[in-house]
Amino acid sequence: MLELKARESDKLNETVDYGALARFLTETAHQTEYFLIEKLAQKLGEACLSFDNKISGVEISLEKPGCIENARSAQIVLMLTQP
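Residues numbered from 1 in each chain as written. Predicted model: local features only at pLDDT ≥ 70, side-chain atom pairs only at ≥ 80, totals over all residues. Heavy atoms only, no water.

Novice: Looking at this structure, how should I read the overall build of the protein chain?
Specialist: A tally of regular secondary structure across the protein chain gives 3 helices and 3 strands. Start at the N end of the protein chain and walk to the C end: the helices and strands fall as β-α-α-α-β-β. On the principal axes, the C-alpha backbone points of the protein chain span a range of 45 × 25 × 25 Å. For the protein chain, restricting intrachain contacts to residue pairs at least 6 apart in sequence, the fraction spanning at least 24 positions comes to 42%. In the structure as shown, the protein chain presents an accessible area of about 6,100 Å², 52% of it carried by carbon and sulfur atoms. Counting 9 positive and 13 negative side-chain charges, the protein chain places the centres of these two groups 3 Å from one another. (Helix = DSSP H or I, 4+ residues; strand = E, 2+ residues; numbered from the N terminus. Contact = heavy atoms within 4.5 Å. Areas by Shrake-Rupley, 256 points an atom, 1.4 Å probe, with all protein chains shown as cover. Lys, Arg positive; Asp, Glu negative; His and termini not counted. Charge placed at Lys NZ, Arg CZ, Asp CG, Glu CD.)

Structure follows, in structure tokens:
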């Protein structure tokens, strides 16, 4: 989830190119091998905030299926905002 002025204004010029953002995040995720989903979530959140100054906040949710016995998955939710 992104915090953008566009959700209140309904103005196209106050949103971001979600396709470009998805490609940017995919490139970011593939730049390094991460051992912890917490670190990957942090990096993706920081990448979102640096992608476009229209993004004032982001909520990242990552899930790692099958990593815990007798559980469907492990999940982290991280919220970051611009300083």
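Novice: Help me understand the sheet that holds strand β3 (residues 73–81) in this model?
Specialist: Two pairing modes exist for strands in a sheet, parallel and antiparallel, and in both the strands are linked by backbone hydrogen bonds. Read across the sheet, 3 strands follow the order β1-β2-β3 without closing on themselves; strand pairing throughout is antiparallel. On the outer flanks of this sheet lie β1 (2–3) and β3, each paired with one strand and no other. Direction of pairing for β1 relative to strand β2 (residues 57–65): antiparallel, over a ladder of 2 bridges. Paired with Glu 3 across the strands is Gly 57, a residue of β2. Sheet strands touched by helix α3 (residues 37–51): β1, β2 and β3. Its angle to β2, the strand with the most contacts, is close to 150 degrees. (Pairing = 2+ DSSP bridges. Axes fitted to C-alpha atoms, helices over the stretch in contact; angles between N-to-C directions.)

Novice: I'm lost on the nonpolar core in this one. Help?
Specialist: The nonpolar side chains of a soluble globular protein tend to be buried with one another. Core analysis: the biggest nonpolar cluster contains 20 residues, and Leu 2, Cys 48, Val 58, Ile 60 and Leu 62 have the highest contact counts within it. Looking at this core, the elements with two or more residues in it are α2 (18–30), α3, β2 and β3. Here the element with the most residues in this core is α3; it accounts for 7 residues. (Core = buried A, V, L, I, M, F, W, Y, C linked by side-chain atoms within 4.5 Å. Buried < 20%, exposed > 50% of the residue type's maximum accessible area, 1.4 Å probe, protein only.)

Novice: When you look at the pattern of salt bridges in this model, what are you seeing that I'm missing?
Specialist: Should their charged atoms come close, side chains of opposite charge can pair. Applying the stated criterion to the full structure yields 1 salt bridge. One salt bridge in this structure joins Arg 72 and Glu 63, with 2.8 Å as the shortest N-O distance. Since its relative accessible area comes to 37%, Glu 63 is described here as partly exposed. (Salt bridge = Lys/Arg side-chain N within 4 Å of Asp/Glu carboxyl O.)

Novice: So what exactly am I meant to see when it comes to α3 here?
Specialist: Owing to its 3.6 residues per turn, the α-helix aligns residues three or four sequence positions apart on the same side. Spanning 15 residues, α3 covers 21 Å between terminal C-alpha atoms, matching the ideal 21 Å at 1.5 Å per step. For α3, every residue scored as buried is listed here: Ile 37, Leu 40, Ala 41, Leu 44, Gly 45, Ala 47, Cys 48 and Leu 49. (Expected span 1.5 Å × (residues − 1).)

Novice: What is the right way to read the packing of α2 against α3 from this model?
Specialist: Relative orientation and spacing of two packed helices are given, respectively, by the angle between their axes and the distance between those axes. Relative orientation of the contacting elements α2 and α3 amounts to 140 degrees, with a least axis distance of 10 Å. The angle between α2 and α3 places the two elements in the oblique class. Crossing of α2 against α3: the hand is right-handed. Together, Ala 20, Leu 21, Phe 24, Leu 25, Thr 28 and Ala 29 of α2 and Leu 40, Lys 43, Leu 44, Ala 47, Cys 48, Ser 50 and Phe 51 of α3 make up the contact between the two elements. (Parallel < 35°, antiparallel > 145°, perpendicular 65-115°, else oblique. Left-handed = near helix turned anticlockwise from the far one by under 90°.)

The values are spatial; any link to function lies outside them.
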